[in-house]
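# Results of the structural survey
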Amino acid sequence: HAGMCRHATSSMLIVLQRSLFKSPHAINLFQRAMFGSKKFPPPCVMGTEDIMSKKAHGTSNTPVQDNLRWSVDQQTADRICNFNRHYAEHSGYFEGSTKFMDEARKSEQITFYDSNTGKPLFIAPKGRTMEEFLVESRAHGWPSFRDQEVVWQNVRVLPDGETVSLAGTHLGHNLPDGKGSRYCINLVSVAGNPK
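Along each chain, residues carry numbers from 1 onward, in the same order as the chain's sequence is written. Totals for whole chains, interfaces and linings use every residue, but because this is a predicted model, local features are given only for residues with pLDDT of at least 70 and side-chain atom pairs only at 80 or more, for both listing and counting. Only hydrogens and water are set aside; all other atoms, that is, all heavy atoms of the structure, feed into the side-chain values.

## Let's talk about the overall build of the chain
Here is the rule we go by: Secondary structure is summarised from DSSP: a helix means a run of H or I of at least four residues, a strand means a run of E of at least two, and numbering begins at the N terminus for each. We call two residues in contact when some of their heavy atoms are within 4.5 Å.
Check the secondary structure of the chain and you find 6 helices and 7 strands. Each helix (α) and strand (β) of the chain, taken in turn from the N terminus, gives the series α-α-α-α-α-β-β-α-β-β-β-β-β. For the chain, the proportion of contacts with a sequence separation of at least 24, taken over those separated by at least 6, is 63%.

## Brief notes about the sheet that holds strand 7 (residues 183-185)
Under the convention used in this document: When DSSP finds two or more bridges between two strands, those strands count as paired.
Reading across from one edge, 3-7-6-5-4 is the order of the 5 strands in this open sheet, with antiparallel pairing throughout. The sheet is open, and its two edges are formed by strand 3 (144-145) and strand 4 (155-157), each paired on a single side. Pairing analysis gives 3 bridges linking strand 6 (residues 170-174) to strand 7, with the strands arranged antiparallel. Considered in strand 7, the bridge of His173 is made with Cys184.

## Section: the pairing of strand 1 (residues 110-113)
Across 4 bridges, the pairing between strand 1 and strand 2 (residues 120-124) is antiparallel. Along strand 2, the bridge assignment pairs Phe112 with Phe122. Counting the residues that bridge the hairpin from strand 1 to strand 2 gives 6 residues, and of these Gly118 lies at a positive phi of roughly 80 degrees.

## Here's the deal with the confidence of the model for the chain
Inclusion rule: Summary of the metric used: pLDDT quantifies the predictor's per-residue confidence within the range 0 to 100.
Overall, the prediction assigns the chain a mean pLDDT of 87, with 81% of residues at 70 or greater. The low-confidence segment residues 1-18 (pLDDT under 50) makes 18 contacts with residues lying over four places distant or belonging to another chain. Below a pLDDT of 50 lies the segment residues 21-25, which in the model reaches 3 contacts outside its immediate sequence neighbourhood of four places, other chains included.

Structure, rendered in structure tokens:
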């Protein structure tokens, strides 16, 4: 419940900052003042803000793929992946609004691909069972990955904890707990098909 409270508090601060500050630069300064600039321990690979600079389609060069996996909503995916730095799909979306759980129940391991580029971003579970992965994800409301499940060639974590692909896709946030880094990721951001 502490993680959910931190997420709720973080969400309230994001709403406050959006209402107070109109420019991305002002928002970024506010976030650094509130949350600080962090460096997460290895194997986490840190990135810089330039990854999320404006590109041809929001923060990415392309919109999300057609026919995303698990019947995720394409409009929601495009908005969260490419025109968003802070907001998330609703808690529990991966369980109730998609076909993800059907695949998870039948699989030992799933590769999650960037919804824009089709590059692999996460492979889960690793070092735990699918049931353990799903229990942790349900407890937090979003698919929750650990360091060993991240494909670090394609993923970076920014100083405020925002987790992104190298292509500029917003994925979610690193919200560490007592076990270490925990990447709470939007299913719509990792529902791509491999390319």
